[in-house]
Amino acid sequence: MSLQLHNSLVGKKQPFAPLHEGKVGMYVCGVTVYDYCHVGHARVMIVFDVVYRWLKKLGYDVNYVRNFTDIDDKIIARAAERNIDIDTLTDDMITEFHQDMDALGCLRPSLEPRATTHMGSMIAMIEALIARDCAYVSESGDVLYSVRSFDGYGKLSGKNIDDLESGSRVDVDDSKRDPLDFVLWKRAKEGEPSWDSPWGAGRPGWHIECSAMSCEHLGNTFDIHGGGMDLKFPHHENEIAQACAANGGDFARFWLHNGFVNINAEKMSKSLGNFFTIREVLKKYQPEVLRMFVLGTHYRSPLDFSDQALDVAKVGLDRLYETKRRLAGKTVEESNVTEAFAAALNDDFNTPEGLAELFECSRRINKGLDNNVDISLDIQHFSAMSALLGIVQQDAETWFQGDSDDSAAIEALIVERTEAKKARDFARSDVIRDELAAQGIVLEDGASGTTWKRG
RNA sequence: GGCAGGGUGGCUCAGUGGUACGGCGGAGGAUUGCAAAUCCUUUAUUCGCGAGUUCGAUUCUCGCCCCUGCCUCCA
């Protein structure tokens, strides 16, 4: 079966075919760089990392663009708060962001454009919108987008303008022709960073950034646009309105939205304050645990965050690493994933089903090892599937034992215990095992000697 | 109020018009000096509730209940 994507634009799965043979253009909304990333951000990045990896595996030449919003109200406020330059803040946060992403095993996108270096294309797009009567300069001096001018407004989010207005919580701004009109260009306020434009000094609105940067780097019409479900409205709706009205054609062809990360059945978010940063989680859990946790649920479903859920992910990974550990020393040839795995990923990136296949493959290997039958093909599959998901990528001993420096002492005790066992002095060997167990060390007596891990 | 997405075993998470995948946990067995790990067997007359369509529905349709989100910044 070929790749099927759930396209938010039509609300169902559709067969995927790129605009240009063999090439895929994909844009994913990145982060606003004013603070550390939390688990919600981690989910988007991990989900689209797997999308990226799978598209490449299918043989596409993928141009993956993920932006940084490096100018907005929150950034200005935070820089002022910390009494540092905006550039210092954003550069710093981008470095921290990359650190988190690298830790999580997310491949770097092809390009990570920053809003502040794309003023030209944003201004050009706004000019085009004004020329087409889709935007206007308000009394306050801001440039606004006129939502009534765009017929398809609301198509992505399944809303219509009248419904939006009746349920609107937005304060009515007199300078707007319509309450739903949104800012394309904000006139500079005293002391704020600004860029020159035909409408005076100012800075871009959030939505225009993504429309301009995606079109500049991927062309006016491109294949995939992704992001969190919360960006569907108004952000992505506005992106479509801007790009389509300015360019006169289609914008992104497939829209992919991932579900939220919840805590106690509530959305994890900055505003609710119920978030955990990635680095907080990584103090307690290895990065692959977070990855496993994310991939264990389909990307569009809600994902409940809890220590218990992470523990479950950890135990599952342990199982896979036990298999990898038994494979130590065996050379693995480059190979492909199983058909079942490919079918799962092709079905709108069904990673839980992909994981099920990986676990089954693990069992086949263990069984083969126990019964001494040829499992070379399974080993290749195991390696290819785990690599594709970006898990079980560490050395198994490191995974189980960590890299602290008490290993020598532990191993000395294991040698002593082995001697005792050889002498059938089980009382002594059990004492040693108990001593180690008290330190959290679990021993496993295998056919080729004793191995250990931290429990 | 409008719109979107959900409700599957003790927990978690897939899936399908013909009685349900995987993981965790539980029980039993093999293996082991005993463990650990691994393997085998087992663990949902049942998929929120009611009705309809059908030979047959958890899967389709309708109604209802409950949960979450979006409609303001948000991944």
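Each remark here, short or long, concerns the structure printed above.
In this report, the structure presented in the accompanying data block is examined. (Residues numbered from 1 in each chain as written. Chains lettered and ligands numbered in written order. Predicted model: local features only at pLDDT ≥ 70, side-chain atom pairs only at ≥ 80, totals over all residues. Heavy atoms only, no water.)

Observations concerning the pattern of salt bridges
1) Next: Taken as a whole and assessed by the stated rule, the structure comprises 34 salt bridges.
2) Next: We note a salt bridge from aspartate 178 to arginine 148, for which the minimum N-O separation is 3.0 Å. On the criterion of sequence distance, the pair formed by aspartate 178 in the loop between helix 5 (161–166) and strand 7 (182–187) and arginine 148 in the loop between strand 6 (143–145) and helix 5 is long-range, its members being 30 residues apart.
3) Next: A relative accessible area of 43% places arginine 148 in the partly exposed class.
4) Next: The closest approach of N and O atoms between arginine 300 and aspartate 348, which form a salt bridge, is 3.0 Å. One end of the pair, arginine 300, is in the loop between helix 9 (287–295) and strand 13 (303–304); the other, aspartate 348, is in the loop between helix 11 (339–346) and helix 12 (351–371), and 48 residues separate them in sequence.
5) Next: Taken together, the shared-partner salt bridges in this structure form one network comprising Glu322, Arg325, Glu397, Glu444 and Lys453. (Salt bridge = Lys/Arg side-chain N within 4 Å of Asp/Glu carboxyl O. Helix = DSSP H or I, 4+ residues; strand = E, 2+ residues; numbered from the N terminus. Buried < 20%, exposed > 50% of the residue type's maximum accessible area, 1.4 Å probe, protein only.)

What about unusual backbone geometry?
1) Next: The omega angle of the peptide bond from phenylalanine 233 to proline 234 is 0 degrees, so this bond is cis rather than trans.
2) Next: Mapped onto the fold, proline 234 is located in helix 7 (residues 232–247).
3) Next: Positioned with a positive phi, aspartate 133 is a non-glycine residue whose angle comes to about 65 degrees.
4) Next: Looking at where aspartate 133 falls in the secondary structure, it is placed in the loop between helix 4 (119–131) and strand 5 (135–137).
5) Next: Here phenylalanine 349, not a glycine, exhibits a phi torsion of approximately 55 degrees, which is positive.
6) Next: Within the secondary structure, phenylalanine 349 sits in the loop between helix 11 and helix 12.

Describing the side chain of arginine 43
1) Next: Structurally, the position occupied by arginine 43 is in helix 1 (residues 39–57).
2) Next: The side chain of arginine 43 sits in the buried core without any salt bridge; aspartate 304 is the nearest counter-charge, 9.3 Å away.
3) Next: Within the structure, the side chain of arginine 43 is placed 2.8 Å from the backbone oxygen of phenylalanine 260, a separation counted as a polar contact.
4) Next: Those residues in contact with arginine 43 that lie beyond four places of it in its chain are Asn258, Gly259, Phe260, Val261, Val294, Thr297, His298, Tyr299, Arg300, Ser301, Pro302 and Leu303. (Lys, Arg positive; Asp, Glu negative; His and termini not counted. Polar contact = N/O pair within 3.5 Å; in protein donor to acceptor, adjacent residues only side chain to side chain. Contact = heavy atoms within 4.5 Å.)

A look at empty space enclosed by the protein
Here the idea is plain: a probe the size of a water molecule rolls over the atoms and shows the empty space left.
1) Next: Scanning the model with the defined rule gives one cavity of 30 Å³ or more in all.
2) Next: Together, Val47, Val50, Val294, Leu295, Thr297, His298, Tyr299, Phe349 and Thr351 line the largest cavity.
3) Next: Elements supplying a minimum of two residues to the lining of the largest cavity: helix 1 and helix 9.
4) Next: Partitioned by chemical class, the residues of the lining of the largest cavity number six nonpolar, three polar and no charged. (1 Å grid on protein atoms, 1.4 Å probe; cavity = no way out; pocket = protein on both sides within 12 Å on 5 of 7 lines; lining within 4 Å. Points joined across faces, edges and corners; volume = space filled by probe spheres on them. Nonpolar A, V, L, I, M, F, W, Y, C, P; charged D, E, K, R; others polar.)

Digging into the sheet that holds strand 3 (residues 23–32)
In a beta sheet, neighbouring strands pair by backbone hydrogen bonds and run either parallel or antiparallel.
1) Next: Spatial ordering of the open sheet is given by 4-3-9-10, a layout of four strands whose pairing is parallel. Looking at which strands have only one partner, the edges of the open sheet turn out to be strand 4 (61–69) and strand 10 (252–258). In this sheet, neighbouring strand axes are inclined to one another by 20 degrees on average, regardless of whether the strands run parallel or antiparallel.
2) Next: Examined bridge by bridge, strand 3 and strand 9 (residues 222–228) share three bridges and lie parallel to one another. (Pairing = 2+ DSSP bridges. Axes fitted to C-alpha atoms, helices over the stretch in contact; angles between N-to-C directions.)

Some words on the pairing of strand 10
1) Next: For strand 10, a buried count of six out of seven residues is recorded, marking the element as mostly surrounded by other parts of the structure.
2) Next: As defined by bridge partners, strand 9 adjoins strand 10 across six bridges and the pair is classed as parallel. Each residue of the ladder has a partner; that of glycine 226, found in strand 10, is leucine 256.

Observations concerning the nonpolar core
Here is a general trend for soluble globular proteins: nonpolar side chains tend to be buried in one another's company.
1) Next: Leu55 and Tyr145 are the most contacted members of the largest nonpolar core, which totals 126 residues.
2) Next: It is helix 1 that contributes the most residues to this core, twelve residues altogether.
3) Next: Contacts of leucine 55, omitting those with residues within four sequence positions, involve Leu3, Phe16, Val24, Met26, Tyr60, Val62 and Ile224.
4) Next: One finds Ile410, Ile441, Leu443 and Trp452 within the second-largest nonpolar core, a separate group that totals eight residues. (Core = buried A, V, L, I, M, F, W, Y, C linked by side-chain atoms within 4.5 Å.)

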